[in-house]
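A look at the structure
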Amino acid sequence: MKIQLYNSLSRKIEQFIPLNENLVKIYSCGPTVYNHAHIGNMRAFLFADLLQRVMRTVGNYQVQWVMNITDIDDKTIRDSRIGSDAWLPEMGTQTKNPIDNLKKFTHFFTKMFFEDINSLGIDTNHFYSNPRATEFIPQMQDLITRIYKNGFAYINDGSVYFNVSKWSMADKYGKLKNIDWDNFKSGSRIDHDNYEREDASDFVLWKAQKEGEPYWEFILDGQSLPGRPGWHLECSTMEYEILGLPFDIHTGGVDLQFPHHEDEIAQSKAGYGIEPNPFWCHNEFLEVEGKKMSKSLGNFYTLRELISAGLDPLDIRLSMLSAHYRTKFNFSFEGTNAVRKARTKVQDYIYELQEKTENPTINSILIEDSLLDNVFGELANDLHTPKALARLFEFLNKYPADKLSEELKQQIFADLMKINEIFNVWKFEPRSQETIEIPDEIKDLAEKRFQAKKEKNFRLADELRNRITILGYSIIDKKDGYEIIPN
Ligand code: AMP
Ligand code: ZN
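These notes cover the structure that comes with them. Residue positions are given per chain, counted from 1 along the sequence in the order it is written. Chain letters and ligand numbers both follow the written order, the letters beginning at A and the numbers at 1. Totals for whole chains, interfaces and linings use every residue, but because this is a predicted model, local features are given only for residues with pLDDT of at least 70 and side-chain atom pairs only at 80 or more, for both listing and counting. The basis for every side-chain value is the complete set of non-hydrogen atoms in the structure, without hydrogens or water.

1. Some details on the overall build of the protein
Helix numbering and strand numbering both begin at the N terminus, where a helix is a DSSP run of H or I of at least 4 residues and a strand a DSSP run of E of at least 2. For the protein, the helix and strand inventory stands at 15 helices and 19 strands. The quantity called the radius of gyration is restricted to C-alpha atoms. Its globule counterpart is 2.2 Å times the number of residues to the power 0.38. A compact globule built from 487 residues should have a C-alpha radius of gyration of about 23 Å, and the protein, at 25 Å, falls within 12% of that. Reported as C-alpha extents along the three principal axes, the dimensions of the protein are approximately 85 × 60 × 40 Å. In the protein, once contacts between residues fewer than 6 apart in sequence are set aside, the share between residues at least 24 apart is 74%. Taking the 59 positively charged and 73 negatively charged side chains of the protein as two groups, their mean positions are separated by 2 Å. Contact definition: two residues touch when any of their heavy atoms are within 4.5 Å. Positive charge is attributed to Lys and Arg, negative charge to Asp and Glu, and no charge count is given to His or to the chain ends. Note that the charge is assigned to NZ on lysines, CZ on arginines, CG on aspartates and CD on glutamates.

2. Re the sheet that holds strand β15 (residues 286-288)
For two strands to pair, DSSP has to find at least two bridges joining them. Strand order in this open sheet of 3 strands is β16-β15-β17, and the pairing throughout is mixed. Here the strands that pair on one side only, and so sit at the sheet edges, are β16 (291-292) and β17 (329-330).

3. As for the pattern of salt bridges
Only one rule defines a salt bridge in this text: a Lys or Arg side-chain nitrogen within 4 Å of an Asp or Glu carboxyl oxygen. One pass over the full model with this rule turns up 37 salt bridges. Note that Arg78 is salt-bridged to Asp79, the shortest N-O span being 2.8 Å. By relative accessible area, Arg78 is classed as partly exposed at 47%. Residue Arg465 pairs with Asp477 through a salt bridge whose shortest N-O separation is 3.3 Å. In this pair, Arg465 is assigned in helix α15 (residues 458-470) and Asp477 in strand β18 (residues 473-478), connecting sequence segments 12 residues apart. Residue burial is assigned from relative accessible area. The probe radius is 1.4 Å, only protein chains are included, and a residue is buried under 20% of its type maximum, exposed over 50%, and partly exposed in between.

4. What about the nonpolar core?
Among the buried residues, those of types Ala, Val, Leu, Ile, Met, Phe, Trp, Tyr and Cys that are joined through side-chain atoms within 4.5 Å form a nonpolar core. By size, the foremost hydrophobic cluster in this structure holds 84 residues, and its most contacted members are Met55, Ile249, Tyr349, Leu416, Phe423 and Trp426. The element best represented in this core is helix α1 (residues 39-57), accounting for 10 residues. Each of domain 1 (17-327) and domain 2 (332-423) gives at least three residues to this core. Discounting residues that sit within four places of it in the chain, Ile249 has contacts with Leu5, Phe16, Val24, Lys25, Ile26, Tyr27, Leu51, Met55, Asn277, Phe279 and Cys281. Ile77, Trp167, Ile179 and Tyr272 belong to the second largest nonpolar core, which has 42 residues in total. Start and end points for every domain follow an automatic or database-based domain assignment.

5. Some points on the pairing of strand β2 (residues 12-15)
Pairing of strand β1 (residues 4-7) with β2, which is carried by 4 bridges, proceeds in the antiparallel orientation. Looking across to β2, one finds that Leu5 is bridged to Glu14. The turn linking β1 back onto β2 is made up of 4 residues, and Arg11 within it adopts a positive phi angle of 60°.

6. Overview of the coordination of the zinc ion (ligand 2)
Metal coordination angles have textbook ideals: 109.5 degrees for a tetrahedral set of four donors and 90 or 180 degrees for an octahedral set of six. Protein ligation of the zinc ion (ligand 2) involves Cys29 (SG), Cys235 (SG) and His260 (NE2), the donor distances falling in the range 2.1 to 2.2 Å. Counted as donors are the N, O and S atoms within 2.8 Å of the metal, or 3.2 Å for Na, K and Ca, while water is not among the atoms, so some sites may look incomplete. All donor residues of the zinc ion (ligand 2) come from one chain, and their arrangement in sequence is C-x205-C-x24-H. With Cys235 in helix α6 (residues 231-243) and His260 in helix α7 (residues 257-271), the pair connects residues that are 25 residues apart, well separated along the chain. Of the two residues, Cys235 and His260, neither departs from the other in class, the shared state being buried.

7. With respect to the environment of Ile350
Among the structural elements, Ile350 can be located in helix α10 (residues 333-353). Residue Ile350 is classed as buried on the basis of its relative accessible area of 0%. Taking the C-alpha atoms as reference points, Ile350 and Arg431, 81 residues apart in sequence, are found 9.1 Å from one another. Setting aside residues no more than four positions away along its own chain, Ile350 makes contact with Phe413, Leu416, Trp426, Lys427 and Phe428.

8. A few points about the environment of Gln139
Topologically, Gln139 is positioned in helix α4 (residues 137-149). Taking the relative accessible area as the measure of exposure, Gln139 reaches 23% and is therefore partly exposed. Residues Gln139 and Lys166 lie 27 residues apart in sequence; the distance between their C-alpha atoms is 24 Å.

9. Considerations on the side chain of Asp315
By the secondary structure assignment, Asp315 is in helix α9 (residues 313-321). Contact partners of Asp315, with chain neighbours within four places excluded, come to Thr336, Val339, Arg340 and Arg343.

10. As for α4
Look at α4: 18 Å from first C-alpha to last across 13 residues, which is about the 18 Å you get at 1.5 Å a residue. Two residues or fewer past α4, Gly151 is found with a positive phi of approximately 90°. The span you would expect from a helix comes to 1.5 Å times its residue count less one.

11. Focus on the site of ligand 1
Whether a residue is near a molecule or strand depends on its heavy atoms: it is near if one of them lies within 4 Å of it. Near ligand 1 there are 17 residues, and of these Gly40, Gly253, Asp255, Leu286 and Met293 occur at the shortest range. For this analysis, a polar contact is any N or O atom pair within 3.5 Å, provided that within protein one partner can donate a hydrogen and the other can accept it, and provided that sequence-adjacent residues contribute only side-chain to side-chain pairs. A distance of 3.2 Å is found between an oxygen atom of ligand 1 and a side-chain nitrogen or oxygen belonging to Asn41. Leu286 places a main-chain nitrogen or oxygen 2.7 Å from a nitrogen atom of ligand 1. Contact with the protein chains hides 89% of the accessible area of ligand 1, taken as 490 Å² for the molecule alone. Where the shell around ligand 1 is concerned, the elements lending two or more residues are α1 and β13 (249-253). Across the shell around ligand 1, the residue classes tally to 7 nonpolar, 7 polar and 3 charged. Note that accessible areas follow from Shrake-Rupley with a 1.4 Å probe, and for residues the cover is restricted to the protein chains shown. Amino acid classes used here: Ala, Val, Leu, Ile, Met, Phe, Trp, Tyr, Cys and Pro are nonpolar; Asp, Glu, Lys and Arg are charged; the rest, including Gly, are polar.

12. A few points about the pairing of strand β7 (residues 159-162)
Side-chain alternation along β7 places Ser159 and Tyr161 on one buried face and Val160 and Phe162 on a second face that is also buried. Between the end of strand β6 (residues 153-156) and the start of β7, which pair antiparallel, lie 2 residues, with Asp157 showing a positive phi angle near 55°. In terms of strand pairing, β7 meets strand β9 (residues 202-208) through 2 bridges, oriented antiparallel. Bridge pairing in β9 places Tyr161 opposite Val204.

13. Notes on the packing of aromatic side chains
Between the rings of Phe, Tyr and Trp (Trp by its six-membered ring), a pair exists once the centres lie within 6.5 Å; its type follows the angle of the planes, with under 30 degrees stacked, over 60 edge-to-face, and the other angles tilted. Counted according to the given criterion, the structure contains 25 aromatic pairs. Seen from their ring centres, Tyr173 and Phe258 are 6.3 Å apart, and the 75° between their planes marks the pair as edge-to-face. Placement of Tyr173 in the loop between α5 (164-170) and β8 (189-190) and of Phe258 in helix α7 is noted, with a sequence separation of 85 residues between them. Neither residue differs from the other here; Tyr173 and Phe258 are each classed as buried. An aromatic cluster of at least three residues, connected via ring pairs, comprises Phe45, Trp65, Phe113, Phe114 and Phe127. Lying across the ring of Phe152, Lys166 places its NZ or CZ 6.0 Å from the centre. Looking at Lys295, its charged tip hangs above the ring of Phe300, at a distance of 5.5 Å from the centre. Both a distance and an angle decide whether a charge sits over a ring: NZ of Lys or CZ of Arg must be within 6 Å of the ring centre and within 35 degrees of the ring normal.

14. Examining the packing of α1 against α9
Fitted lines through C-alpha atoms give the axes, limited to the stretch in contact for helices. The angle between two N-to-C directions lies from 0 to 180 degrees. Viewed as axis vectors pointing N to C, α1 and α9 meet at an angle of 75°, and their least axial separation amounts to 10 Å. Relative to α9, α1 is oriented roughly perpendicular. For the pair formed by α1 and α9, the contact residues are Ile39, Met42, Arg43, Leu46, Asp49, Leu50 and Arg53 on the first element and Arg317, Met320 and Leu321 on the second. Of the residues that constitute the contact of α1 with α9, the class distribution is 6 nonpolar, no polar and 4 charged. Just so you know how the angles are binned, under 35 degrees is roughly parallel, over 145 roughly antiparallel, 65 to 115 roughly perpendicular, and the rest oblique.

The following block contains the structure:
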């Protein structure tokens, strides 16, 4: 099926056509691993997962999906320092080497990130690559050198900046979001990674080393510039190195349109001479009480917190998918619980399809009611998950499982399995599950939790229980022990 997709660059819905025959290359801006991602961030990752699943399943394309890990920026450096409160015993011991501390710190939160997205049903098996910024420093230096040689960068006080006013004479700066040029001061510089549109200024490509911070040697134009890369530069480099330019689609939250994505376009064109990608897809915010969920506003929940509060990650997944990705989504506990009922309804239908019907009365399905065509048709229309779900429920109401002939049951079961390749929230085993082997990692965590409880370390015991839930298992406490069951 052909896919229609909203392109933030043209501000229109367009028919998607891959650049290379049947292959779709997608780059998604990934997490900054300085803490547990909040569920607002999760919406962005879930959207990228939805897109790649629709490309594979509805579009029948092969997909190369890359999501980077930002493992160096102001916050990862701040929180991995000696004496930081954010350092946890699980990360190991800190040393005098800041790069070593940064590595241990970010490795820990990268592991947590993958656990989180796995439990949200994000398809981690299908990542083509998850590059870490710190593994591409020489390649980043190469891109800076190209931009500098092409005349669009300058050195100031040991840092390297992108010259926006010079670039804007060569190409349009402000393709994704219009720039407020009235407030633009040529030559004013911005060092931090995120800034508002009103502050449009020359942005940093390479930051001069600060005392006690991790740094790499860099020689540019005969000058020694020990330092580290700027955030925007990281993505431009990894896209080029891993997917090659141009690739098909770039994803991220709407807040990344400016400056991050605007700066990526400028860097790729000024350095490699190539527009990075024709399609830009951005998800809207997840909000709480009408405000963007964010760490800085302090109105955020991590997935682990929601699980401790009793929510099931798959209900969170389905509730996010019940809103279109380009509309704001208001997170609430009540909303998530309501979605649970809807999820259970489909699950019960799937169980019933596997049970014997006494007196089937439905032997055929009207052509216009074709489940797969209708659901996939909505997904092909700019990934319209709420309409796709509405089609699914219409079908279930019109064709109750206990009235279907055996042949129809098999066909619908197969259709639902295919639909679940997108939604990924339902199970297809019979109601009574076979016993499942519990992995050693889970057994080990459960035993540690049991010991922690015995030692009355309830904080650690709770944390471990959370971790076990995230990994897809539950602990049932018994009189002298516990039982582990899959969720
Ligand atoms: P960060 O780790 O801050 O770079 O963010 C990772 C991703 O989450 C980016 O694509 C952001 O645009 C996205 N994001 C951040 N906050 C929200 C939110 N409240 N709703 C949806 N996406 C968000
Ligand atoms: Zn990025």
